[in-house]
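Chain by chain, the residues:
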Amino acid sequence: MLRPARALALPAVLLAAALGASACTSADSTATGARVGVTAGDGTCELTATSVPAGVVTFAVQNTGSQVAEFYVYAADGTTILSEVENVGPGVTRELVVELAAGKAKTTCRPSDGVDGISTDITVTASGATSAAAKPSLAQAVEDYRAFVADETAALLAGTQEFVAAVKDGDIAQAKALYPQVRTHWERIEPVVESFADLDYSLDAREDGVEPGTEWTGWHRLEKALWVDKSLDGTTAIADQLLADTQDLVSRIPSIELSPSLIGNGATALMEEVATGKVTGEEERYSRTDLWDFQANVDGARAAYDALAPALKDADPELATTLESRFASLQERLDALHKGDGFVLYDDLTTAQVRDLADAVDALAEPLSTLTATVVNG
Amino acid sequence: MSKVELSRRRLLASFGAVAVGASAATVLVERSATAAEPEAAADVVPFRGPHQAGITTPAQDRLHFVAFDVITDDRDELERLLRRWTLAAERMTRGEGAGPVGPVDGLPDAPPDDTGEALGLSPARLTLTFGVGPTLFVDADRRDRFGLAAKRPEALEDLPGFAGDRLEEAWSGGDLCVQACADDPQVAVHAVRNLVRMGMGVVRVRWAQLGFGRTSSTSDSQATPRNLFGFKDGTSNLRAEETAELDTHLWAQGSDGAEWMAGGTYLVARKIRMTIETWDRTSLKAQEEIIGRDKREGAPLSGGTEMTAPVLDQLPPTSHVRLAHPQSNGGVRMLRRGFSYVDGADSLGRLDAGLFFLAFQRDPRTAFVAVQKRLASDDALNEYLVHVGSALFAVPPGPGDGEYWGSTLFV
């Protein structure tokens, strides 16, 4: 699971997809799309326009109130966060750039310490603005990645059904065997599933991430039952909810608007996941199956890269060569850690092996962070 | 001049112009850049020249030193990094960003090519000094890693062990090093951070050390500072103004054996932990006898003022000054450029602090090694010192126009 702020911020990668190669400063680039002034006061939230053309839209959020404010832009479903700006202090103006597709959107002003925000519905009209996805190679990239997400989603659901059945049968051995395998499908598409913050929380929260007053549910709750408590007593409801939440997730995924930016930045986000959660052994603290997740995150980044590779090879063949050799070098290290159908446990790694993995992750993640800009602007 | 080429200093100078229309602003920027030039030179140390900067440069206040392992087997990839590093280093010493675009002028959906924490800061006399360790030439398995084995200088011989050494692998060795010195710690950290970032996949950080409070003066223009023992140190250091002495004691000559090192020098780095708490319980008289100088002025105990030459046989036989003095070591001299360090507290709550000793010399075998052998066996100060880290680097000559760090080695 990503830290909350990161998880919410991820869909903001939709921004700037249509900026084109001429973009060089923030002031210039924002001039190419629509601009909406937002005045957030104490108990008020006024927008200068509620209808905008599709494409890049800049919201200039001015806080005229007395409290620190936040501003959110949601997709047509009203719950998927496209982008947000936090910590807008009194008297401060901050800009938020987002790419909106034709249809509907919703904005919300909210005080930082409050729960209820003031929402406004936005109409997004079709416009002639060219999207980055209009390039044939990028349009194909979106289709390829969509197919990958569909496959992984289907496998996640099927695997979850099997896992939940084992839990409800009280078959600890079978549940433990399935756990890392099924989670692989979650970890491969983590940036996509995490755009649903509510489901990310109910499915993938770790114990120390649980908010006081709410019940801990999801994968890691069952992980602890299997490996620490060594008992599945009283977990039937948790198992049922895991399956229901996964079914909910699967039904929502087709609504995600994939874009080349979302795919490219998703690859970067997956490698960040590896660098901060997997190589440090923080993700699977009870089962110690971190390397399964590690491999799955790398698989996901690789799938995103493969989708964008034709466009990248046109834009910057040298970067493509570098990324391929760095993917290969990281995979070589993971291959050396195979054991049976899976991997050695995290606790069996030596300090030198962890360091070696971390170096290979950095070697890939640093150039990978330039992938999006290169393909979108190239 | 395009906007991206503006240095931080120039941007600051032109700050008032930002609100003006774009074309007018450009004109104003160019004018203020020109006007600011002579004044600004004071905080910029020239990067290129026959010798690398950061050696005879008057010692700055802050240090960020980093040693790297090379993790690629591809010599071309290593050379490419050194070219990129050199350009980035040159830009940063001028007060510009690490990359050609800078921290805020790039594409909004790409990570900036400079990390930005030095934006608005002075260049702070930043120097970046590059070196190569013995293991770049031949590794522990005697393997010629990059076809450079034949070029390994004889002077770059692994340092021997010394009595009392308690060296830790985590603080020792390295295939490459970069010494970043500046008068502002953030400028030095920024430079290292950006070089590390550029190097990922080719090199990895082996160890790094932050330092403060230069412990030596390397120029007549600087007063002698005090180390963490509270004493003035390095009074008889080799200084930038002694040009003839520098050729004898500091700069490697082509005739020394390694032609590619002509104009370069050798750097010994030692992390020396001080047992601060026990030193502080030592009487003033004992402290002065251990050092060989008085604590107030730094004058030798044989009499006079700080700059008076000590009369060695009138100093206690095991005093640090007597044993380390060139006259006790066949006239050999080094350019010491160390810094104090404090890495917080250790697990016993004691100050984890000491001297990060850096010394440049023409040949470590006759300089550092000879002096340290004597000190390790007899120096009264040893009771309060532990050497915990050690590294040796060949510091190539300064890059000329179009050259890069180590280009004389790789041609």
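Structure first, text after, so check above.
Residues numbered from 1 in each chain as written. Chains lettered and ligands numbered in written order. Predicted model: local features only at pLDDT ≥ 70, side-chain atom pairs only at ≥ 80, totals over all residues. Heavy atoms only, no water.

Trainee: I would appreciate a short explanation of the overall build of chain A in the present structure.
Mentor: The helix and strand inventory of chain A stands at 13 helices and 11 strands. The buried share among the 378 residues of chain A stands at 53%. A separation threshold of at least 6 residues defines the contact pool for chain A, and within that pool the share at least 24 residues apart is 68%. A total of about 15300 Å² of accessible surface is found on chain A, and carbon and sulfur atoms cover 52% of it. (Helix = DSSP H or I, 4+ residues; strand = E, 2+ residues; numbered from the N terminus. Buried < 20%, exposed > 50% of the residue type's maximum accessible area, 1.4 Å probe, protein only. Contact = heavy atoms within 4.5 Å. Areas by Shrake-Rupley, 256 points an atom, 1.4 Å probe, with all protein chains shown as cover.)

Trainee: Sorry, what's going on with the side chain of Q295(A) here?
Mentor: Residue and element names in this part refer to chain A. Relative to the helices and strands, Q295 resides in helix α10 (residues 290–315). Look at Q295 and you get buried, because its relative accessible area is 11%. With near-sequence residues (within four places) excluded, Q295 lies in contact with Q331, L334 and F343.

Trainee: Explanation requested: the sheet that holds strand β5 (residues 69–74) of chain A in the structure shown.
Mentor: Hydrogen bonding along the main chain pairs the strands of a sheet, whether they run parallel or antiparallel. Residues and elements named next belong to chain A. Pairing in this open sheet of 5 strands is mixed, and the strands run β3-β9-β8-β5-β6 from one edge to the other. Looking at which strands have only one partner, the edges of the open sheet turn out to be β3 (51–53) and β6 (81–88). Mean inter-strand twist for the sheet, computed between neighbouring axes without regard to direction, equals 20°. One ladder, built from 7 bridges, connects strand β8 (residues 103–111) with strand β9 (residues 118–125); its direction is antiparallel. Within the sheet, the bridge partner assigned to K104 lies in β9 and is T123. (Pairing = 2+ DSSP bridges. Axes fitted to C-alpha atoms, helices over the stretch in contact; angles between N-to-C directions.)

Trainee: Please clarify how the interface of chain B and chain A should be interpreted in this entry.
Mentor: Many structure descriptions define interface size as the accessible area lost when the parts assemble. Taken together, the contact between chain B and chain A spans 16 residues of the former and 19 residues of the latter. Taken over both partners, the interface formed by chain B and chain A buries close to 1400 Å², and the fraction arising from carbon and sulfur atoms is 52%. Its largest share of buried area at the contact with chain A, chain B owes to D109(B), M200(B) and R204(B), together 39% of the area lost on that side. At the surface where chain B touches chain A, the tally comes to 3 salt bridges. With a shortest N-O distance of 2.5 Å, R204(B) and D359(A) are connected by a salt bridge. Taken together, the connections running from chain B to chain A amount to 5 residue pairs in polar contact (both at pLDDT 80 or more). (Buried area = accessible area lost by both parts, 1.4 Å probe. Salt bridge = Lys/Arg side-chain N within 4 Å of Asp/Glu carboxyl O. Polar contact = N/O pair within 3.5 Å; in protein donor to acceptor, adjacent residues only side chain to side chain.)

Trainee: What am I meant to see in the state of the cysteines here?
Mentor: One way to say it: the disulfide is the covalent bond shared by the sulfur atoms of two cysteines. Using the criterion set out here, one finds 1 disulfide over all chains in the structure. Across the disulfide, C45(A) is cross-linked to C109(A) (sulfur-sulfur distance 1.9 Å). Taking the sign of the torsion about the S-S bond as the criterion, the disulfide between C45(A) and C109(A), at about 50°, is right-handed. With C45(A) in strand β2 (residues 44–47) and C109(A) in strand β8, the pair connects residues that are 64 residues apart, well separated along the chain. For the pair formed by C45(A) and C109(A), the shared burial category is buried. The cysteine C177(B) is free of any disulfide, with C181(B) supplying the nearest cysteine sulfur at 11 Å. Given a relative accessible area of 1%, C177(B) falls into the buried group. (Disulfide = S-S within 2.5 Å.)

Trainee: Where do I start with the packing of helix α11 (residues 317–335) of chain A against helix α12 (residues 351–368) of chain A in this structure?
Mentor: Packed helices, taken two at a time, are described by the angle between their axes plus the distance between the axes. Residues and elements named next belong to chain A. Running from amino to carboxyl end, α11 crosses α12 at an angle of 160°, the nearest separation of the two axes being 9 Å. By the angle between their axes, α11 is roughly antiparallel relative to α12. Handedness of the α11/α12 crossing: left-handed. Taking contact as the criterion, the partners of L319, T322, L323, R326, F327, L330, R333 and L334 in α11 are, on α12, D356, L357, A360, V361, A363, L364, P367 and L368. When the residues that make up the contact of α11 with α12 are grouped by side-chain class, the tally is 12 nonpolar, 1 polar and 3 charged. (Parallel < 35°, antiparallel > 145°, perpendicular 65-115°, else oblique. Left-handed = near helix turned anticlockwise from the far one by under 90°. Nonpolar A, V, L, I, M, F, W, Y, C, P; charged D, E, K, R; others polar.)

Trainee: In this structure, what is going on with unusual backbone geometry? I would like to understand it.
Mentor: Note: most peptide bonds trans; most residues except glycine with negative phi. Residues and elements named next belong to chain A. At K230, a residue that is not glycine, the phi angle is positive and equals roughly 55°. Take K230: it is sitting in the loop between α7 (219–229) and α8 (236–252). Residue classification places K230 among the exposed residues on the basis of a relative accessible area of 57%. Non-glycine residue R288 carries a positive phi angle of around 60°. By the secondary structure assignment, R288 is in the loop between α9 (260–278) and α10. For R288, a relative accessible area of 12% translates into the label buried.

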